[in-house]
Amino acid sequence: PCRNQQVGEGWFPTFADVPEIAISMSVRQILKAPCIVCTVPDERKAEAVKNTLEGEVTNAVPASILQQHSNCHLYADEPAVSLLSTGK
């Protein structure tokens, strides 16, 4: 299902193009990193970016916990930050 989702969301042109192996990490494990770098492309992620940065920290938006990490860097394109109320 995860590979089909990648095609369905348009990240890969065909199922065969989707990598067969990926790394999955828990939020707890990610937060142990001394530095976190997030890259966010595409307008389809704009609502998630807004909820992550401007919403409260909640398990309904797992990435919102990144607000509490002391060394997290977010790199996003213009469409991905288009819904932010604080500007770009």
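Cut-offs and rules
The residue numbering used here restarts from 1 in each chain and proceeds along that chain's sequence as written. Local features are withheld for residues below a pLDDT of 70 in this predicted model, meaning they are given only at 70 or higher, and side-chain atom pairs are given and counted only at 80 or more; totals for whole chains, interfaces and linings count all residues. To obtain the side-chain values, all non-hydrogen atoms of the structure were used and water was disregarded. The way it works is that DSSP assigns letters per residue, a run of H or I at least four long becomes a helix, a run of E at least two long becomes a strand, and they are numbered from the N terminus. Throughout, exposure labels follow a simple rule: accessible area from a 1.4 Å probe, protein chains only, divided by the maximum for the residue type, with under 20% read as buried, over 50% as exposed, and the rest as partly exposed. Per-residue and other accessible areas follow the Shrake-Rupley method at a 1.4 Å probe size, with only the shown protein chains counted as cover for residues. We score Asp and Glu as negative and Lys and Arg as positive, and we do not count His or the chain ends. A single reference atom marks each charge: NZ on Lys, CZ on Arg, CG on Asp, CD on Glu. The rule for pairing is simple: two strands pair if DSSP sees at least two bridges between them. Orient the strands so they point away from the viewer; a crossover is then right-handed if the path from the first strand over the helix to the second runs clockwise. Two rings from Phe, Tyr or Trp (for Trp, the six-membered ring) form a pair when their centres are within 6.5 Å of each other. A pair whose planes differ by under 30 degrees is stacked, one over 60 is edge-to-face, and the rest are tilted. Charge-over-ring placement is defined geometrically: NZ (Lys) or CZ (Arg) within 6 Å of the ring centre, and within 35 degrees of the ring normal. In this analysis, two residues are considered to be in contact whenever any of their non-hydrogen atoms come within 4.5 Å of each other. Only residues above 30% relative accessible area that lack a salt bridge enter a patch, with like-charged residues linked at up to 9 Å and the nonpolar side chains Val, Leu, Ile, Met, Phe, Trp and Tyr linked at up to 5 Å. Definition used for salt bridges: Asp or Glu carboxyl oxygen within 4 Å of a side-chain nitrogen of Lys or Arg.

### Thoughts on the overall build of the protein
When helices and strands are counted, the protein shows 3 helices and 2 strands. Starting at the N terminus and ending at the C terminus, the protein contains elements arranged as α-α-β-α-β. Across the 88 residues of the protein, 17% fall into the buried class. As presented, the protein carries roughly 6,600 Å² of accessible surface, and 56% of it is formed by carbon and sulfur atoms. Computed over 7 positive and 10 negative side-chain charges, the inter-centroid distance for the protein is 7 Å.

### Observations concerning the pairing of strand β1 (residues 36-40)
Where burial is concerned, the two faces of β1 differ: the one with Ile36, Cys38 and Val40 is buried and the one with Val37 and Thr39 is not. Looking at chain direction, β1 and strand β2 (residues 72-76) are connected through 5 bridges and run parallel. By the bridge assignment for β2, Ile36 is matched with Cys72. A crossover connection joins β1 to the parallel β2 through helix α3 (residues 46-54); in handedness this β-α-β unit is right-handed.

### What to know about the packing of aromatic side chains
Evaluated as defined, the whole model comprises 0 aromatic pairs. Lying across the ring of Phe15, Arg3 places its NZ or CZ 4.0 Å from the centre. The ring centre of Trp11 lies 4.2 Å from the NZ or CZ of Arg44, which sits over that ring.

### Re the side chain of Ser64
Here Ser64 lies in the loop between α3 and β2. For Ser64, the residues in contact, after removing those within four places along its chain, are Asn51, Thr52, Glu56, Val57 and Thr58.

### Re a nonpolar patch on the surface
Judged by side-chain polarity, Ile23, Met25 and Ile30 come together as a nonpolar surface patch covering roughly 330 Å² of accessible area. Tracing the sequence through the fold places Ile23 in the loop between α1 (2-8) and α2 (27-31). The exposed category is assigned to Ile23, whose relative accessible area is 78%.

### Here's the deal with the pattern of salt bridges
For the structure on display, the rule yields 2 salt bridges. As a salt-bridge pair, Asp42 and Arg44 come within 2.5 Å of each other at their nearest N and O atoms. With a relative accessible area of 46%, Arg44 lands in the partly exposed category.

None of this, on its own, says anything about what the molecule does.
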